[in-house]
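Summary of the model geometry
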Amino acid sequence: MSAPTVDTETMSAECALAQQPGYTDLHADCRQTKDVPLPGTTGVLLLRRCTCTCHGRRGDAT
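Below, the structure is looked at part by part. Nothing here was measured: the structure is a model prediction, and the numbers come from that model.

What counts and how
Residues numbered from 1 in each chain as written. Predicted model: local features only at pLDDT ≥ 70, side-chain atom pairs only at ≥ 80, totals over all residues. Heavy atoms only, no water. Helix = DSSP H or I, 4+ residues; strand = E, 2+ residues; numbered from the N terminus. Buried < 20%, exposed > 50% of the residue type's maximum accessible area, 1.4 Å probe, protein only. Contact = heavy atoms within 4.5 Å.

A few points about the side chain of His55
- Position of His55 among the secondary structure elements: in the segment after strand S2 (45–47).
- Accessibility expressed as a relative area gives 8% for His55, which makes it buried.
- Discounting residues that sit within four places of it in the chain, His55 has contacts with Cys15, Cys30, Thr33 and Cys50.

Notes on the environment of Pro37
- Here Pro37 lies in strand S1 (residues 36–37).
- Separated by 10 residues in sequence, Pro37 and Leu47 place their C-alpha atoms 6.9 Å apart.
- Excluding residues within four positions of it along the chain, Pro37 makes contact with Val44, Leu45 and Leu46.

Remarks on the environment of Leu47
- Structurally, the position occupied by Leu47 is in strand S2.
- When the C-alpha positions of Leu47 and Gln32 are compared, they lie 8.0 Å apart, and in sequence the two are 15 residues distant.
- Ignoring any residue separated from it by four or fewer positions in sequence, one finds Leu47 in contact with Gln32, Lys34, Asp35 and Val36.

This is the structure we're talking about:
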């Protein structure tokens, strides 16, 4: 059996790399903790928050 894979597509670059052995400390460098709306629009995101479980259930916390 192989190790379960983690879907890193919706994670920040830092958290995606932090999934690799030896890079786990990069979770602390993630700044993608909130959705960033596109200015002048409603419901359109410029940047989606990171979905990594290292952020827990903080919601909109920074």
